[in-house]
Amino acid sequence: MIDKETLKNWLHRDLSSREKLLLILGSFDAPGKLDEIRNRAVEAGFRIPKKWNLSDILGRSGGLALRMPTGWELSQSGKAHLQAMGIVSASPGVVRIAVDLRAHLEKITNQTTRAFVEEAINCYEAGLHRSAIVMSWIAAVDVLYHEVVTHHLAAFNKEAKTVNAKWKDAVNADGLTRMGESDFLERLVPIGVIGKNVKDELQKALKLRNGCGHPNSLKTGPNMVASHIESLLLNVFETFTT
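Predicted model, so just to flag it, every value in this text is computed and none were measured.

> Talk me through the overall build of the chain; I want residue IDs and the actual numbers.
Per the secondary structure count, the chain includes 12 helices and 2 strands. In sequence order, the chain lays out its α and β elements as α-α-α-α-β-β-α-α-α-α-α-α-α-α. When its C-alpha atoms are laid out on the principal axes, the chain stretches across 70 × 40 × 25 Å. Expressed as a percentage of its 242 residues, the buried residues of the chain come to 45%.

> Let's hear about the nonpolar core: which residues, and what values?
Residues F156, F184, L188 and F237 are the most contacted members of the largest nonpolar core, which totals 46 residues. For this core, the secondary-structure elements that each account for two or more residues are α6 (92–105), α7 (111–125), α8 (129–163), α10 (181–188), α11 (196–212) and α12 (222–237). Broken down by element, the residue count for this core peaks at 14 residues, all from α8. Apart from the residues within four sequence positions on either side, F156 is in contact with V148, W167, L176, M179, F184, R187, L188 and I191. Ranked by size, the runner-up nonpolar core spans 25 residues in total, among them L7, F28, F46 and I48.

> How would you sum up the packing of aromatic side chains? Please name residues and give values.
Tallied over the full model, the rule gives 4 aromatic pairs. Summarising the aromatic geometry, the rings of F46 and W52 are spaced 6.0 Å apart at their centres and angled 50 degrees between planes, so their arrangement reads as tilted. Each member of the pair, F46 as well as W52, carries the same accessibility label: buried. Residues F156 and W167 carry aromatic rings whose centres are separated by 6.2 Å and whose planes lie at 75 degrees to one another, so their mutual orientation is edge-to-face.

> Could you give me a rundown of the pairing of strand β2 (residues 71–74), with the residues and numbers involved?
Every regular strand shows the same layout, with side chains that alternate between the two sheet faces. Here strand β1 (residues 65–68) runs beside β2; their pairing, made up of 4 bridges, is antiparallel. Residue pairing in the sheet places M68 in a bridge with G71 of β2. Hairpin remark: β1 followed by β2, antiparallel, with 2 residues in the connecting loop.

> Requested: an account of the side chain of E19, with residues and values cited.
You can see E19 is positioned in helix α2 (residues 17–25). Since its relative accessible area comes to 12%, E19 is described here as buried. Beyond its immediate chain neighbours, meaning those up to four positions away, E19 contacts H81 and M85.

> Any details on the state of the cysteines? Residues and values, ideally.
Summed over all chains, the structure comprises 0 disulfides. No disulfide involves C123; its sulfur sits 12 Å from that of C212, the nearest cysteine.

> An account of the pattern of salt bridges is requested, with residue identities and associated values reported.
Enumeration according to the criterion identifies 7 salt bridges in this entry. Of the charged contacts, one joins R18 and E19 as a salt bridge, the two residues approaching to 3.1 Å between their closest N and O atoms. Owing to a relative accessible area of 27%, R18 belongs among the partly exposed residues under this scheme. Note that D200 is salt-bridged to K196, the shortest N-O span being 3.1 Å.

> Describe the environment of L34, and please don't skip the residues or the numbers.
On the secondary structure map, L34 appears in helix α3 (residues 34–43). With relative accessibility at 32%, the residue L34 sits in the partly exposed group. Separated by 21 residues in the primary sequence, L34 and S55 place their C-alpha atoms 7.9 Å from one another.

> Please give an account of α8 that cites residues and values.
Compared with the 51 Å implied by 1.5 Å per residue over 35 residues, the 36 Å span of α8 between its first and last C-alpha is markedly short. At H152, α8 shows its maximal bend, which comes to roughly 105 degrees.

> Account for α11, naming residues and giving values.
Given a rise of 1.5 Å per residue, 17 residues ought to cover 24 Å, and the 24 Å separating the end C-alpha atoms of α11 matches this to within 8%. Inspection of α11 places K199, L202, Q203, A205, L206, L208, R209, G211 and C212 among the buried residues, and these make up the whole buried set. Those residues of α11 that are buried lie in contact with α8, α10 and α12.

> Describe the side chain of S136, listing the residues and the values that go with them.
Summarising the element assignment, S136 is placed in helix α8. When residues no more than four places from it in sequence are discounted, the contact partners of S136 are A120, H228, I229, L232 and F237.

> Quick one: what's the story with the environment of I48, residue by residue and with numbers?
As for its position among the elements, I48 is in the loop between α3 and α4 (54–59). In this structure the C-alpha to C-alpha distance between I48 and E119, which are 71 residues apart in sequence, comes to 28 Å. If sequence neighbours within four positions are ignored, I48 has contacts with L21, I24, I37, R38, A41 and L54.

Rules used in this analysis
Each chain has its residues counted from 1, following the order in which its sequence is written. At least 70 in pLDDT is required for a residue's local features to be given in this predicted model, at least 80 for side-chain atom pairs to be given and counted, and no such filter applies to totals for whole chains, interfaces and linings, which use all residues. Just so you know, side-chain values use all the structure's heavy atoms and leave hydrogens and water out. In this text, helices come from DSSP runs of H or I with a minimum length of four residues, and strands from runs of E with a minimum of two, each type numbered from the N-terminal end. Three labels apply to residues, based on accessible area from a 1.4 Å probe with only protein chains included: buried if under 20% of the type maximum, exposed if over 50%, partly exposed otherwise in between. Throughout this description, the term nonpolar core refers to a set of buried Ala, Val, Leu, Ile, Met, Phe, Trp, Tyr and Cys residues connected via side-chain atoms within 4.5 Å. Throughout, a residue-residue contact means that at least one pair of heavy atoms, one from each residue, lies within 4.5 Å. Aromatic pairs are defined between Phe, Tyr and Trp rings, using the six-membered ring for Trp, whenever the two ring centres lie within 6.5 Å; interplanar angles under 30 degrees are classed as stacked, those over 60 as edge-to-face, and all others as tilted. DSSP-based pairing: two strands are paired if at least 2 bridges between them are found. The disulfide criterion used throughout: a pair of cysteine sulfur atoms within 2.5 Å. Criterion for a salt bridge: a side-chain nitrogen of Lys or Arg within 4 Å of a carboxyl oxygen of Asp or Glu. Given a helix with a known number of residues, its expected span is that number minus one, times 1.5 Å. The seven residues ending at a residue and the seven starting there each receive a fitted axis; the angle between those axes is the bend at that residue.

Set out below in C-alpha cells:
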C-alpha cells in the first residue's frame, strides 16, 4: 500500500489522469468508492479536476483497475504497473510471490478470507515478515475451515469422535476452532481433505507460524517468508475453492 507521503509526491508529478487515479487506488487497502478516491486525493494535496470522469478513466485502464461491488481497486497487473513505475521498491522475489498471491486473491469470493490474504500480502511487501507468516496462516486455516464446513462436516465430526469420544459436534467454523490446529490438520487426512504429505507440509507451516506469533529470538527473512507463503498458495489457496 502506498503511504500518504509517497502518494503526495507522485500526485504532483506530470502524470496522466489514469496514472494518478491508479496511484490513489494504490493507497487503499480495500476497494475505494468514487467519493473516497476524491477525498484521498485532497488529503494528499491534489484536487481531482471536476471534468475527470473517474469511472470512465478507470474503466478504460486496460484491466489495471477493477470495479468491485464496494468500489474500485487495483488488479494484479495494476499493482505490477505501479511496481514498474518504481513507486514500490521490492526485490524480484518479493514481487513474484506477491503477484502470484494477488492473482489468486482476485478469485477469492469469501470476503473474510480475501481480507486475510490481502493483509498478508501487504505485510510481505512491506517487509513485515512475522506478520506476513501469521496472517497467511490465518487465511489458510480459514480456507480449510470453509472447506470442511461446506463439504466434510459430518465426516470430520465422526473422525474427531473416533479420536476423542468427548468431542462435541461442530456445526460451523466457530465449532472447529475448539480443536487445536495441529489436531485439526491430523483429522483431515483420514477423511480425504488433504494427503499425508500435504499435512506434513502444513504442520511445518503451523510450527513456523507459532514461532512468529510469540516473542522470541527466531529470525526470519524474505526467502523464508516467500517459501512459507508459496507453500500455502500451492497446497491450500489454489487447491480449494473459496
